[in-house]
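Here's the letter readout for the chains.
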Amino acid sequence: QVQLVESGGGLVQAGGSLRLSCAASGSIFSINAMGWYRQAPGKQRELVAVITSGGSTMYADAAKGRFTISRDNAKNTVYLPMNRLKPEDTAVYYCNAGEGGRHYYTPSYWGQGTQVTVSS
């Protein structure tokens, strides 16, 4: 099992920034990728960004140019600085971990989620 602990959500005005963090513990050997999904009210959960242990990244179109995922392998932690936030970025953001490559990602573990609210 892998445990994921998220932090960094909150309320911000449109145009502002937030940084999400997620620390993994447990059976780290069983994963090679970590990422973020989000779910807005009334919408399906969607991929935001993923990064593999080798540094390959994958982004949703809505995140490109504004969000930059990174990871510290020594700390088993992934970061998601989010800039130029928009009201449509309002959602619960879920950290996840699993197996991934340059063009695919299969999350197996999920965090509890952290709320991000962007006011207009």
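**Student:** Which parts of the structure should I look at to understand the sheet that holds strand 3 (residues 18-26)?
**Tutor:** The strands making up a sheet are joined through hydrogen bonds of the backbone, oriented either antiparallel or parallel. If you trace the four strands from one edge of the open sheet to the other, you get 1-3-8-7, paired in antiparallel fashion. Each having just a single partner strand, strand 1 (2-7) and strand 7 (70-72) make up the two edges of the open sheet. For this sheet the average axis-to-axis angle between neighbouring strands, irrespective of direction, equals 20 degrees. In the sheet, strand 3 pairs with strand 8 (residues 77-82) via six bridges, with the strands oriented antiparallel. When the sheet's bridge partners are listed, leucine 18 is paired in strand 8 with methionine 82.

**Student:** Just to check I follow, could you spell out the pairing of strand 11 (residues 114-119) for this structure?
**Tutor:** Put simply, side chains in a regular strand alternate between the two faces of the sheet. Here strand 11 shows one buried face, formed by Thr114, Val116 and Val118, and one open face, formed by Gln115, Thr117 and Ser119. Note that strand 2 (residues 10-13) and strand 11 share four bridges and pair parallel. Within strand 11, the position partnered with leucine 11 by the bridge is threonine 117. Judged from the three bridges that link them, strand 9 (residues 91-100) and strand 11 form a sheet pairing that is antiparallel. The residue bridging alanine 91 from the neighbouring strand is valine 116, located in strand 11.

**Student:** Any chance you could explain the side chain of glutamate 6 here in plain terms?
**Tutor:** For glutamate 6, the location among the structural elements is in strand 1. Arginine 45 provides the closest opposite charge to the buried, unpaired glutamate 6, separated from it by 8.3 Å. For glutamate 6, the side chain forms a polar contact with the main-chain nitrogen of cysteine 95, separated by 2.7 Å. One polar contact links the side chain of glutamate 6 to the main-chain amide nitrogen of glycine 113, over a distance of 2.6 Å. Setting aside anything within four residues of it in sequence, one finds glutamate 6 in contact with Ser21, Cys22, Trp36, Tyr93, Tyr94, Cys95, Gly111, Gln112, Gly113 and Thr114.

Calculation rules
- Residues numbered from 1 in each chain as written.
- Predicted model: local features only at pLDDT ≥ 70, side-chain atom pairs only at ≥ 80, totals over all residues.
- Heavy atoms only, no water.
- Pairing = 2+ DSSP bridges.
- Helix = DSSP H or I, 4+ residues; strand = E, 2+ residues; numbered from the N terminus.
- Axes fitted to C-alpha atoms, helices over the stretch in contact; angles between N-to-C directions.
- Buried < 20%, exposed > 50% of the residue type's maximum accessible area, 1.4 Å probe, protein only.
- Lys, Arg positive; Asp, Glu negative; His and termini not counted.
- Salt bridge = Lys/Arg side-chain N within 4 Å of Asp/Glu carboxyl O.
- Polar contact = N/O pair within 3.5 Å; in protein donor to acceptor, adjacent residues only side chain to side chain.
- Contact = heavy atoms within 4.5 Å.

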